[in-house]
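# Architecture at a glance
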Amino acid sequence: MHFDVVHAADPRFQGGTSSALRAELKAAGRWELNCGLLPFLGYQQSPIGLFDSRTAAVIEQSNIAWLTGSEKATCDILLAHHPAVFERMPLSPVRLRPRRVVCVVHHPLFDGQRIQQYDPAVVERVLDRLFGVPVVFAPVGPKVRSQFEARGTQGPTLVQHDLWNMVDLAEWPQHQRKAPKDRVNLGRHTRGDPMKWPDSGDDLRAAYPDRADFNIKILGGVPDAIKNWIGSNWEICAFSENDVPDFLSRLDFYVYFHSRHWVEAFGICVAEAMASGLVTVLDRSFESLFEDGAAYCDIAETRNVIERFIASPSAYVQQSNAARELVRRKFAIDQYPQRMARLYDDLELPMISGLNNSRTTISSYSNGRNVEDKSVRSPPRHMGERRRILFVATNGIGLGHITRLMAVAERMSDDVDPIFFTRSAGAALVFARGHAIDYIPCGLAMGVTDTSWNRAYAQELLSAVEAFDVSAVVFDGNRPFPGLVAVAESRRDLAWIWIRRALWRVDHEFSADAQDTFDMVIEPGEFAHDEDHGPTRDLPGAVAVPPLLLLDPGTGSPRSEAAAKLGVDPDRFTVAVQLGSQRNFDFAGLPELIFAGLARRDVQTVQILNPLAKPFKEDGSRVPRRSLYPLAEYFSGIDLLVTNAGYNSFHESIFGGIPSIFVPNEAPEMDDQHLRAVYAQSAGLGLCLRYSELNRVEATLDLALSEDFRAEVRRRSRRLGFINGAADAAKAIEQLVFSIRADRPLHASIART
């Protein structure tokens, strides 16, 4: 395989670096370059987070080859984005061989206090030894270039032309702007980083005057350090990428001054404001980059500059047009062919033929020869070899842990081979769904101590990891047990992911150190999230995904087939009662009262037995019993469900629109099922019936069987939007597994078995 350009980048970056990468990928696609992406997780973040959402969307929607480093491939140019990403060697070699490596310097070498931000000599050595060719550096703006040039011969080799960030003007429609008359709207959009703001209250009020005829609008929030300085005329909104064009369209002036301790490498937010035709007021240090596209002054002069434009509507319109024109001429994505021509010329490479036109063929270069390939195909999702992932489920009282793992595994791409390793007694259900599985009994079932069992478990888990040659381990359980932690600490070369559900009881103990074992923590969405005040609620770093279900609502069997499996008449109203395994909680006489109440009302009833439930004794009951998994497959045959409020049962019912009576399992070690049930009841999406409320059975059944209740549940459930978080969790895991890891020192990343 040969590529024109490969981008090595950390797609988790936010802000200007991610905007620059997206523009590069879009431009390569527009001009039909044969382009690859080498995701490179290069800076420390624990736990590891997701790719920037807009960057991930561009990757998914484009024809870009996702490289993993294991492919034998070549390219003309490898663009290594942001020097801080490449300060460590990755664990595995990268087989890609570029003709030239260019480190794109998205961050200054020194901040405003002359504190060095990274060591370019180390970055150069890492890239040189990783790819085996000389490395040059490409500043993204004059401030970065001047810092490197000041180092003289001690600095790395620079390309002749800066590699400016690009802006897609199609994303920034031009507005016919006019000078404001009565009230002035001025503002900015940026991160809430203190370095991005003026250093004192006087400077802040000079840039954003506290006047009745000035509205200060901010998108992105403000840091706590400056909140006491802001005036009464401020309007502050949380940052949202999708809101930026609309936000800028409602401004008259864009004013941007930052801390003296900050050096802006480029200023993509400024370029976006200018692209929208805003009259932009900046510090004079930006003038060499943005030229006549902005107005420049000292921060104390800001109000005078704004008033001059207000007093001269023609000058305002002229400056607005100049801003847009500067972006079109210098930074627009349409300048990509000329920009690449300069880069190829700086690197003394033959230019890609046809880049200036819409290309029908891709010209590649191999050993200096121009080879035309007329049969370029869309690359597969991940270009490297398939990866095996071990899904590890704890035992659990029910089937929640193993069900969530199957939900994720079944939404992995074809590039992943999922293998299950579990101590859950539900292992046979996993096998029945077509998954490879390795089973080890829990300590209680084996009659051994926890200590001896954990030693044996660690040996078994390590053997599975080595025998299956897995790339990652995904664990679903409330607490990682010592045997698993021991293997994770010895095999740091693997990716370790913890799927940890929320809604812990407030009195539950949880050590935040437990997640230090894992590279990524994924938290499935919880419908009652707003009322979750448990110990995991505010833990930083978890990847939050929507509610996670094995089956998407509405995808089960039709009613006739479901009724046949349930053993009921499809033409009659049907109540299904499924109260879990009941292995750790006795519902006392509640189930009997429920069945008796339904029998008196002559309601067709079926008892759903949890596959893990203890064997039942024949008691002469006329209620048919069925063991079905997953029950959601047969929801179409059920008109009312009596179930517990475990994570899976609860969310299947809520999003499946099944009128339900939730009977929480209130064992002290369980999640807060009582809270879930009460929340659903308050939201008009179910009823709560506790095991101790025997005197409420009759009234609850009457209400649940009423048409008004069931119609209201169905109406409210239709208003719920649903995205299956299992797909998002699968993407998050694949982002980690198919990326190159250099986020830790090499000594902390190798196996120490």
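Right, let's walk through the structure included here. Bear in mind that the values here come from a model prediction, so they are computed numbers and not experimental data.

### Side note on the nonpolar core
For soluble globular proteins, the rule of thumb is that nonpolar side chains tend to be buried together. Residues L78, F131, F290 and I522 are the most contacted members of the largest nonpolar core, which totals 154 residues. Counting residues per element, this core draws most heavily on helix 23 (residues 725–737), which supplies seven residues. Residues in contact with L78, not counting those within four places in the same chain, are V6, A8, L38, L96, P98, R100, V101, V102 and F131. Grouped together as the second largest cluster of nonpolar side chains are 28 residues, I440, Y457, V470 and F475 included.

### What to know about the sheet that holds strand 27 (residues 687–688)
Reading across the sheet, the six strands line up as 24-23-22-25-26-27 and stay open at both edges, with parallel pairing between neighbours. Because the sheet does not close on itself, it has two edges, and the strands there are strand 24 (625–626) and strand 27. Sheet analysis places strand 22 (residues 574–578) next to strand 23 (residues 604–608), joined by four bridges and oriented parallel. Bridge pairing in strand 23 links A576 to V606.

### Examining unusual backbone geometry
Along the chain, Y629 connects to P630 via a cis peptide bond; the corresponding omega equals -10°. If you trace the backbone, P630 turns up in the loop between strand 24 and strand 25 (640–643). For E291, which is not glycine, the phi dihedral falls at a positive 45°. With phi around 60°, E348 is a residue other than glycine that occupies positive phi space. Along the chain, the position of E348 falls in the loop between helix 11 (336–346) and strand 13 (362–366).

### Observations concerning the packing of helix 21 (residues 697–705) against helix 22 (residues 707–718)
Contact pair helix 21 / helix 22: the axes reach a minimum separation of 4 Å and the direction vectors enclose 60°. Comparing their axes, helix 22 and helix 21 come out oblique. Between helix 21 and helix 22, the residues in contact are L703, A704 and L705 and E707, F709 and R710, respectively. Of the residues assigned to the contact of helix 21 with helix 22, the class counts are four nonpolar, no polar and two charged.

### Quick notes on the packing of helix 15 (residues 450–468) against helix 16 (residues 482–490)
Orientation of helix 15 relative to helix 16, taken along the N-to-C sense of each, is 45°, at an axis distance of 8 Å. Looking at the two axes, helix 15 sits oblique to helix 16. In this structure, the crossing between helix 15 and helix 16 has a hand that is right-handed. Along its contact with helix 15, which presents N454, Y457, A458, L461 and L462, the element helix 16 presents P482, G483, L484 and V487. Class assignment of the residues belonging to the contact of helix 15 with helix 16 gives a composition of seven nonpolar, two polar and no charged.

### Observations concerning the pairing of strand 25
Of the two faces of strand 25, the one carrying L640 and V642 and the one carrying L641 and T643 are both buried. By the bridge criterion, four bridges tie strand 22 to strand 25 in an arrangement that is parallel. Considered in strand 25, the bridge of A576 is made with L641. Handedness of the strand 25-helix 19 (residues 647–656)-strand 26 (residues 660–662) crossover: right-handed.

### What about helix 11?
Taken together, the buried positions of helix 11 are Y336, P337, R339, M340, L343, Y344 and D346. Of the surrounding elements, those touching the buried residues of helix 11 are strand 1 (2–9), helix 1 (16–30), strand 4 (74–81) and strand 5 (97–105). One or two residues past the end of helix 11 sits E348, with phi positive at roughly 60°.

### Things to note about a nonpolar patch on the surface
On the surface, M89, L91 and L746 cluster together into a nonpolar patch covering about 220 Å² of accessible area. By the element assignment, L746 lies in the segment after strand 28 (740–741). A relative accessible area of 39% places L746 in the partly exposed class.

### Some remarks on helix 22
Since one α-helical turn is 3.6 residues long, residues separated by three or four positions face the same way. Between its first and last C-alpha, helix 22 extends 17 Å over 12 residues, near the 16 Å set by a 1.5 Å rise per residue. For helix 22, the set of buried residues is F709, R710, V713 and S717. The arc that holds every buried residue of helix 22, seen down its axis, measures 95°, which confines them to one face. Opposite the buried face of helix 22, at more than 90 degrees from it, the exposed residues are D708 and R718. Residues of helix 22 that are buried in the fold lie against helix 19, strand 26, strand 27 and helix 21.

### A short note on the pairing of strand 11 (residues 279–282)
Here strand 11 shows no split at all, with V279 and V281 on one side and T280 and L282 on the other all buried. Two strands pair when backbone bridges link them, and strand 10 (residues 253–256) and strand 11 are joined in this way by four bridges, in the parallel orientation. For Y254, the partnering residue across the bridge sits in strand 11 and is T280. In the classification by handedness, the crossover that spans strand 10, the intervening helix 7 (residues 268–275) and the parallel strand 11 is right-handed.

### Here we look at the sheet that holds strand 8 (residues 214–219)
Taken in spatial order, the six strands line up as 9-8-7-10-11-12 in an open sheet, and their pairing is parallel. Looking at strand neighbours, the two that pair on one side only are strand 9 (234–237) and strand 12 (295–296), the edges of this open sheet.

### Here's the deal with the side chain of E24
Mapped onto the elements of the fold, E24 is located in helix 1. The class for E24 is buried, based on a relative accessible area of 4%. Once residues lying within four places of it in the same chain are set aside, the contact partners of E24 are H7, L79, H81, M166, Y336 and R339.

### Comments concerning the pattern of salt bridges
Using the criterion set out here, one finds 48 salt bridges in the structure. The shortest N-O distance in the salt bridge between E301 and R284 comes to 3.0 Å. Of this pair, E301 sits in the loop between strand 12 and helix 9 (302–311) while R284 sits in the loop between strand 11 and helix 8 (287–290), placing them 17 residues apart in sequence. Taking the relative accessible area as the measure of exposure, R284 reaches 40% and is therefore partly exposed. A salt bridge links D552 to R411, with the nearest nitrogen and oxygen atoms 3.7 Å apart. Linking D552 in the loop between strand 21 (543–545) and helix 17 (559–566) with R411 in the loop between helix 12 (400–409) and strand 16 (416–422), this pair joins segments that are 141 residues apart in sequence. A relative accessible area of 25% places R411 in the partly exposed class.

### A closer look at the environment of E385
Checked against the element boundaries, E385 lands in the loop between strand 14 (369–373) and strand 15 (387–393). Sequence spacing of E385 and F738 is 353 residues, and the spatial spacing of their C-alpha atoms is 9.6 Å. Discounting chain neighbours no more than four positions away, the residues touching E385 are S70 and F738.

Parameters and conventions
- Residues numbered from 1 in each chain as written.
- Predicted model: local features only at pLDDT ≥ 70, side-chain atom pairs only at ≥ 80, totals over all residues.
- Heavy atoms only, no water.
- Core = buried A, V, L, I, M, F, W, Y, C linked by side-chain atoms within 4.5 Å.
- Buried < 20%, exposed > 50% of the residue type's maximum accessible area, 1.4 Å probe, protein only.
- Helix = DSSP H or I, 4+ residues; strand = E, 2+ residues; numbered from the N terminus.
- Contact = heavy atoms within 4.5 Å.
- Pairing = 2+ DSSP bridges.
- Axes fitted to C-alpha atoms, helices over the stretch in contact; angles between N-to-C directions.
- Parallel < 35°, antiparallel > 145°, perpendicular 65-115°, else oblique.
- Nonpolar A, V, L, I, M, F, W, Y, C, P; charged D, E, K, R; others polar.
- Left-handed = near helix turned anticlockwise from the far one by under 90°.
- Right-handed = clockwise from strand over helix to strand, strands pointing away.
- Patch = residues over 30% accessible without salt bridge, like charges linked within 9 Å, V, L, I, M, F, W, Y side chains within 5 Å.
- Areas by Shrake-Rupley, 256 points an atom, 1.4 Å probe, with all protein chains shown as cover.
- Salt bridge = Lys/Arg side-chain N within 4 Å of Asp/Glu carboxyl O.
- Expected span 1.5 Å × (residues − 1).
- Arc of directions from axis to C-beta.

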